[in-house]
Amino acid sequence: MEQGWICVPETKFPRIVVVGGGFAGLNFIKKLKNKSFQVVLIDKNNFHQFMPLLYQVASSGLEPDNIVFPYRKLFWNYQNVVFRMAEAVRVDAGNSLLHTTIGTIYYDYLVIASGSETNYFGNKYFERYGLGLKTVTDALDIRSRLLQNLEKASITCVQSEKQKLSTVVIVGGGASGVEVAGALAEFKKYVLPKDYPELKNAEMKIILVEAGNRLLPALSDKLSSKTLDYLEGMNVMILLDTMVNSYDGSVVGFDKSAKIETKNFIWTAGIKGNSLQGLPNESRNSQNRLLVDKFNRIKPLDNIFAIGDNAMMITNDNPNGHPLVAQPAIQQGKLLAKNLLRMVSGRPMKPFQYNNKGAMATIGRKKAVAEIGNYSFGGIVAWLIWSFVHLASLIGFRNKILVAINWAWRYFTYDNGDRVIIRRFEDVQHEFRLIKDEN
């Protein structure tokens, strides 16, 4: 509940309030370390989460504390940074105020770096009964539901129920969907026979559904085909040109009249901007992303900026905006920090130009695809590149060591990490019937 003013130290410097400590917000703050600004970070969590490895937490490959890092520890040597754990609620642009769940704060500059959230495209059944993959909480929810359903499958004598509980449907053939499918395929091959010998007569089915005509549309046709071959070789069922139109907690319905029974429905098919109330309606697009100029300034505001996933910058090179991945967020965060330093010193700001460093996705053990400049890689070379880039990008020496040890252990032993059930899920069928009755 919003109350009073947020208590922060008095300052003689301009105050920048940053909403969100993801890749964009964190790289923005790093560039302003001990500069002539007071920087106040507002985030509903007290940690940064390394989102590219969420799928490994979801598939029991890593523990959540391996991919998170507390903000307060990160800012030990930042004399000009203040952290407040709160959720930003509303902007009062006319008075330069940000309202949050713990109070209100004045800003000279506001930087919205609140990232994105899962887009269920208005389907409340997908949202209520499916599981997205945008946060550590989501990853733990997926892990716990999968493991809980496998436990249920191991004790039932009804073969059809075993199959329903052990079948996984993943919607979305982008990097997240592909990586989840590959990780679960390896779980099925190396872990399931040892952990769940009772399920040897009910094959764990992994089904990846994509509405388009190929996987990984951000990469070349060649790498898309290679990804398809990898996943099919791992016994993942791929459904291309297929739309999911319903899910009631037990049955997935498709546009082609087919149905699949499953208790495990993972949605990676879309994301949308996670912006704030109070901003002009004309500053948002249909994906709830904020329209910004070439300096990441929200149109038509002067002292409010958006960076990262929730920034929609339309250029000749990117008529649909920049991709919602880490690199644009990192680059926008760094440049905006430099531009604010230029602004206060009376120098002109520099427009943002995205340097596309490539794209990559991992499918499994020694299987990955990568596109860097004019070069494309597949197999073990791409897998090594992917591993090095992600390991180097993790925050904290401890996290790097723990993840490296985890990966090495899995490489030589074919074993995932501790498979513990953290959360409990109830059967959603009764709730589904109630919703239908309400309508």
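Owing to the predicted nature of the structure, the values given are computational and were not obtained by experimental measurement.

**Remarks on the overall build of the protein chain**
Now for step 1: Secondary structure summary: the protein chain contains 12 helices and 24 strands in total.
Now for step 2: Relative to the globule expectation of 22 Å for 439 residues, the C-alpha radius of gyration of the protein chain, 23 Å, shows essentially globular dimensions.
Now for step 3: Taking the principal axes of the C-alpha coordinates as reference, the protein chain spans close to 70 × 55 × 40 Å.
Now for step 4: A buried classification covers 53% of the 439 residues belonging to the protein chain.
Now for step 5: Of the accessible surface of the protein chain, which amounts to about 20,700 Å², a share of 52% is contributed by carbon and sulfur atoms.

**Side note on a positive patch on the surface**
Now for step 1: Judged by side-chain charge, K30, K31, K35, K334, K338, R347, K350 and K357 come together as a positively charged surface patch.
Now for step 2: Elements supplying a minimum of two residues to the positive patch: α1 (23–31) and α9 (326–344).
Now for step 3: Among the secondary structure elements, K357 is positioned in the loop between α9 and β22 (359–364).

**Examining the environment of D138**
Now for step 1: Summarising the element assignment, D138 is placed in helix α5 (residues 136–155).
Now for step 2: Residues D138 and Y55, spaced 83 residues apart in sequence, show a C-alpha to C-alpha distance of 9.6 Å.
Now for step 3: Setting aside anything within four residues of it in sequence, one finds D138 in contact with G132 and L133.

**Here we look at the packing of helix α10 (residues 379–393) against helix α11 (residues 397–413)**
Now for step 1: For the pair α10 and α11, interaxial distance at closest approach is 9 Å and the crossing angle is 150 degrees. Judged by the inter-axis angle, α10 sits roughly antiparallel to α11. Crossing of α10 over α11 shows right-handed handedness. Touching W383, W386, S387, H390, L391, A392 and S393 of α10 are K400, V403, A404, W407 and Y411, all from α11.

**Quick look at the pattern of salt bridges**
Now for step 1: Tallied over the entire structure, the rule returns 7 salt bridges.
Now for step 2: Here D195 makes a salt bridge to R419, at a shortest N to O gap of 2.4 Å. Placement of the pair is D195 in helix α7 (residues 175–195) and R419 in the loop between α11 and α12 (429–438), with a sequence separation of 224 residues.
Now for step 3: Owing to a relative accessible area of 25%, R419 belongs among the partly exposed residues under this scheme.
Now for step 4: The residue R214 makes a salt bridge to D221 at a minimum N-O spacing of 3.0 Å.

**Thoughts on the environment of F377**
Now for step 1: The topology assignment puts F377 in strand β24 (residues 375–378).
Now for step 2: Each C-alpha atom of the pair F377 and M360 lies 9.1 Å from the other, and the pair is 17 residues apart in sequence.
Now for step 3: Setting aside residues no more than four positions away along its own chain, F377 makes contact with L223, A368, V369, A370, I372, A382 and I385.

Cut-off values and rules
Residues numbered from 1 in each chain as written. Predicted model: local features only at pLDDT ≥ 70, side-chain atom pairs only at ≥ 80, totals over all residues. Heavy atoms only, no water. Helix = DSSP H or I, 4+ residues; strand = E, 2+ residues; numbered from the N terminus. Rg over C-alpha atoms; globule rule 2.2 N^0.38 Å. Buried < 20%, exposed > 50% of the residue type's maximum accessible area, 1.4 Å probe, protein only. Areas by Shrake-Rupley, 256 points an atom, 1.4 Å probe, with all protein chains shown as cover. Patch = residues over 30% accessible without salt bridge, like charges linked within 9 Å, V, L, I, M, F, W, Y side chains within 5 Å. Salt bridge = Lys/Arg side-chain N within 4 Å of Asp/Glu carboxyl O. Lys, Arg positive; Asp, Glu negative; His and termini not counted. Charge placed at Lys NZ, Arg CZ, Asp CG, Glu CD. Contact = heavy atoms within 4.5 Å. Axes fitted to C-alpha atoms, helices over the stretch in contact; angles between N-to-C directions. Parallel < 35°, antiparallel > 145°, perpendicular 65-115°, else oblique. Left-handed = near helix turned anticlockwise from the far one by under 90°.

Purely geometric numbers; function is a separate question.
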